[in-house]
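Residue-level listing of the chains:
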Amino acid sequence: GPAASLYGNAAGGVLHFETRAPAEVPFRPELFTLSGSDGLLQLRGTASGSSAGVGYLVSAARVTYDGFRRNPGPDEDGTYGGARRNSVNATLHLPGGPGRLRATVNWVDLAAENPGSLSQTLLDEGDRQAFTGNVNQRTRKDVQQTQLGVSWDGPLGTARAEFAGYGQLRTVDNPIPSDIVFVDRTALGGRALMEVGGEPGGVPVAVGGGLELDVQRDDRQNYRNAQGERGELRLDQFERVRGAGAFGYVRAAVMPQADVTAGVRYDHFDFSVTDRFVSGTDPDDSGARTMDAVSPSVGVTVRPLDRIELFGTVATSFETPTTTELANRPDGAGGFNPALQPTRGTTLEAGLRAVLTVPVSLEVTAHRTSLRDELVPFEVPDVPGRTFFSNAGRSTHRGVEVALNAVGPSGLSGRAAVSWLDARFREYSRGGNTFDGNRIPGMAPRTVDAVVRWGPGLWFVEARGQHRGAVPVDDGNTAEADAYNLLDLRGGTRPLRMGGFDVAPVAGINNVLDTQYVASVAVNAFGGRFFEPGPARSFYLGIRAGGGAR
């Protein structure tokens, strides 16, 4: 909707997350540990507190997991698909004149094996095996990333202001079946926003605008994958992206029961690449691409009754390909794919939010998105396991979403979300084949997620049911991942005061019915290897302990 005007590239909508605020006591330690099936182990420690207007929160965590995909090698035992993740996150809140200054730093070190997708034949064997080719080539992804962000928000004269800056260092070592991809990335960016308010003619109005600048530099090499070791160099290039955005918005309460929000944004991106892998038989593929767009949007909210809110939006969106999507060229050349275009979309959305009774709320939304040049992944026979991208001429996504929340007596509560989606190509041809009217692969036509929780006292139990409809897996709609239903159970207690600590144990069972299902799909995978199985029935047990004053 209109809020997407604030965030630009790829922001067809907004999910807003904020780091948890520091505890409002001088010092509060927290410890959490969880152990489960398939070698799952989570450890996390947090220290948090506030004093004299200064707040801090520091958290360190480690997660290890053996995975559940059986290693199919004749001389191998155990599984292939394990993962390890170490992370540190810290945030600091400081008074900054009339406003608030926040600094956040996070570091993550991730190593994960990639067991690969399976054909229908291998999937039907039911042993959730890893794909032999992936095991032999030791496919995996190792990522190290450090990110720092600083922001200030508060009054500036008669206006409200926000200023933010960030920097990021990231390295990726990614052996796929055919190649080993290595990327060393540096990114920097800044953002400024100002908003003023008033009541001209007695109508409350807020007007805001801002600027963004971003720079990204990728040092990319591809090597032949020699059973997990680097073979000969196949690609060596330096990639740069410079982005600039300007946006403005207005919010007005045109009537006591009606608000209007409108926004417009302009984005401009310069992509350039320097090819350093040049020889007598390999030409210089250096080049540049420019992509830009103006994205307007408008939304209206009307409250005809105290407990009913009607809303509607018309919003446009703009999504450039990533540098990885541009660098992956089916012809094996270096540089950037000159044919790959950004996706542009227009979304119409309308719905209602209602409080049926004080403990029951309902939200219903109908939406239609028309896309031009939607990015579609595919693979080619010569390079199996590597994903390339093309543009669909035109496509349409139509759907309805319903969300229901209810709170009953004796600690009984529930929520349910149901969605129906009809996503289809309208104009799309590739490789001499026409896919007009086909369902877009990778998208479930219906999903249901429902949770019921009962906790009359110190303890609680919770049941979660999930349904996912059959998912098409290729542009031709010749195959699909079967529909499935899952049931998860968990239970525990509310925090119990024990020796100055709040202690809360939790235990659960995932996939209680031990359902065989496809957790994700590889769209348009070569050789029909579309399917990645989900885990079998699994168990976990954890405990959380927090010290200090409540």
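What counts, and where the lines are drawn
Residue positions within a chain follow its written sequence, with the count starting from 1. For a predicted model such as this one, the threshold for reporting local features is a pLDDT of at least 70, and the threshold for listing and counting side-chain atom pairs is 80 or more; totals across whole chains, interfaces and linings nevertheless cover every residue. The side-chain values count all of the structure's non-hydrogen atoms but skip hydrogen atoms and water molecules. Helix numbering and strand numbering both begin at the N terminus, where a helix is a DSSP run of H or I of at least 4 residues and a strand a DSSP run of E of at least 2. Using a 1.4 Å probe on the protein chains alone, a residue whose accessible area is under 20% of its type maximum counts as buried, one over 50% counts as exposed, and one in between counts as partly exposed. Contacts are assigned to residue pairs that have any heavy atoms within 4.5 Å of one another. Under the convention used here, a 1.4 Å probe and the Shrake-Rupley method define accessible areas, while residue burial counts only the protein chains that appear. In this count, Lys and Arg are taken as positive residues and Asp and Glu as negative ones, while His and the chain termini are left out. Charge placement uses NZ in Lys and CZ in Arg. For Asp and Glu, CG and CD serve respectively. Here, patches come from residues exposed beyond 30% relative accessible area and free of salt bridges, joined within 9 Å for like charges and within 5 Å for nonpolar side chains (Val, Leu, Ile, Met, Phe, Trp, Tyr). By definition, a salt bridge exists where a carboxyl oxygen of Asp or Glu is found within 4 Å of a side-chain nitrogen of Lys or Arg. Remark: nonpolar core denotes a set of buried residues (Ala, Val, Leu, Ile, Met, Phe, Trp, Tyr, Cys) joined through side-chain atoms within 4.5 Å. Following DSSP output, two strands are said to pair if at least two bridges run between them. N or O atoms within 3.5 Å of each other form a polar contact, as long as, within protein, one can give a hydrogen and the other can take it, and as long as residues adjacent in sequence are counted only when both atoms are side-chain atoms. When two rings of Phe, Tyr or Trp (its six-membered ring) have centres within 6.5 Å they constitute a pair, described as stacked for plane angles under 30 degrees, edge-to-face for angles over 60, and tilted for the intermediate range.

Draft legend 1. Examining the overall build of the protein more closely. Across its full length, the protein holds 3 helices and 29 strands. Considering only C-alpha atoms, the protein reaches an extent of 70 × 55 × 45 Å along its principal axes. Residue burial in the protein is summarised as follows: out of 550 residues, 40% are buried. Within the protein, contacts between residues at least 6 apart in sequence are counted, and of these 62% link residues at least 24 apart. Carbon and sulfur atoms make up 58% of the accessible area of the protein, which totals about 27200 Å². Distance from the positive charge centre (55 side chains) to the negative charge centre (62 side chains) of the protein: 5 Å.

Draft legend 2. Inspection of a nonpolar patch on the surface at higher detail. A contiguous nonpolar surface patch, about 450 Å² in accessible area, is contributed by Leu412, Val452, Trp454, Trp459 and Val461. If you list the elements that add at least two residues to the nonpolar patch, you get strand S20 (446–454) and strand S21 (459–468). Within the secondary structure, Val461 sits in strand S21.

Draft legend 3. Fine view of the nonpolar core. Grouped together as the largest cluster of nonpolar side chains are 12 residues: Val241, Phe269, Phe271, Val273, Met291, Ala293, Phe318, Leu326, Phe336, Leu340, Leu375 and Phe389. Going through the elements one at a time, strand S11 (258–275) and strand S12 (287–305) are the ones with two or more residues in this core. A total of 3 residues in this core trace back to one element, the largest contributor, which is S11. Beyond its immediate chain neighbours, meaning those up to four positions away, Met291 contacts Asp267, His268, Phe269, Phe271, Phe318, Thr320, Pro321, Leu326, Leu340 and Pro342.

Draft legend 4. Seen up close, the pairing of strand S16 (residues 388–407). Of the pairings in the sheet, the one linking strand S15 (residues 360–378) to S16 comprises 18 bridges and is antiparallel in character. The residue bridging Val376 from the neighbouring strand is Ser390, located in S16. Note that S16 and strand S17 (residues 412–427) share 14 bridges and pair antiparallel. Bridge pairing in S17 links Thr396 to Arg424. Remark: 4 residues form the turn of the hairpin made by S16 and S17, two consecutive strands paired antiparallel; Ser410 in that turn has positive phi of roughly 55°.

Draft legend 5. Seen up close, the environment of Tyr80. Along the chain, Tyr80 turns up in the loop between strand S3 (54–65) and strand S4 (83–96). According to the relative accessible area criterion, Tyr80 is buried, its value standing at 3%. Between the alpha carbons of Tyr80 and Ile509 there is a distance of 22 Å; along the sequence they are 429 residues apart. The residues contacting Tyr80, other than those within four sequence positions of it, are Arg69, Asn71, Glu113, Asn114, Pro115, Ala130, Asn134, Val135, Arg138 and Thr139. One polar contact links the side chain of Tyr80 to the main-chain carbonyl oxygen of Thr139, over a distance of 2.9 Å.

Draft legend 6. View of the environment of Gly36. Within the secondary structure, Gly36 is located in strand S1 (residues 28–36). Judged by its relative accessible area of 19%, Gly36 falls in the buried class. Taking the C-alpha atoms as reference points, Gly36 and Ala483, 447 residues apart in sequence, are found 27 Å from one another. Filtering out sequence-adjacent residues up to four positions away, Gly36 remains in contact with Phe539 and Tyr540.

Draft legend 7. Representation of the side chain of Thr369. Along the polypeptide, Thr369 turns up in strand S15. A relative accessible area of 14% means that Thr369 is categorised as buried. Residues within four places of Thr369 in sequence aside, it is in contact with Thr346, Thr347, Ser395, Thr396 and His397.

Draft legend 8. View of the side chain of Asn511. Structurally, the position occupied by Asn511 is in the loop between strand S26 (501–510) and strand S27 (518–521). Accessibility expressed as a relative area gives 3% for Asn511, which makes it buried. Of the polar contacts made by the side chain of Asn511, one reaches the backbone oxygen of Pro535; its length is 3.0 Å. The contact partners of Asn511, leaving out residues within four places of it in the chain, are Arg128, Leu486, Leu487, Asp488, Tyr517, Pro535, Ala536 and Arg537.

Draft legend 9. Molecular detail of unusual backbone geometry. The backbone phi angle of Asn511 is positive, close to 55°, even though this residue is not glycine. Of note in this structure, Asp514 is not a glycine but carries a positive phi near 55°. Among the secondary structure elements, Asp514 is positioned in the loop between S26 and S27.

Draft legend 10. Structural detail: the pattern of salt bridges. Scanning the model with the defined rule gives 34 salt bridges in all. We note a salt bridge from Arg439 to Glu480, for which the minimum N-O separation is 3.9 Å. Of this pair, Arg439 sits in the loop between strand S19 (433–434) and S20 while Glu480 sits in strand S23 (residues 480–481), placing them 41 residues apart in sequence. By relative accessible area, Arg439 is classed as partly exposed at 22%. What makes Glu480 partly exposed here is its relative accessible area of 35%.

Draft legend 11. Region of interest: the packing of aromatic side chains. Scanning all chains against the criterion turns up 10 aromatic pairs. Between the aromatic rings of Tyr484 and Tyr517, the centroid separation amounts to 4.8 Å while the plane-to-plane angle is 45°, which identifies the pairing as tilted. Placement of Tyr484 in strand S24 (residues 484–493) and of Tyr517 in the loop between S26 and S27 is noted, with a sequence separation of 33 residues between them. Accessibility classification places Tyr484 together with Tyr517 in one group, the buried group.

Draft legend 12. Highlighting the pairing of S21. Here S20 runs beside S21; their pairing, made up of 8 bridges, is antiparallel. Among the inter-strand pairings, Val452 is bridged to a residue of S21, identified as Ala463. Hairpin connection between S20 and S21: a loop of 4 residues separates the two successive antiparallel strands. One ladder, built from 10 bridges, connects S21 with S24; its direction is antiparallel. Each bridged residue has a counterpart across the sheet, and for His467 the counterpart in S24 is Asn485.

By themselves, these observations are geometric and do not establish any function.
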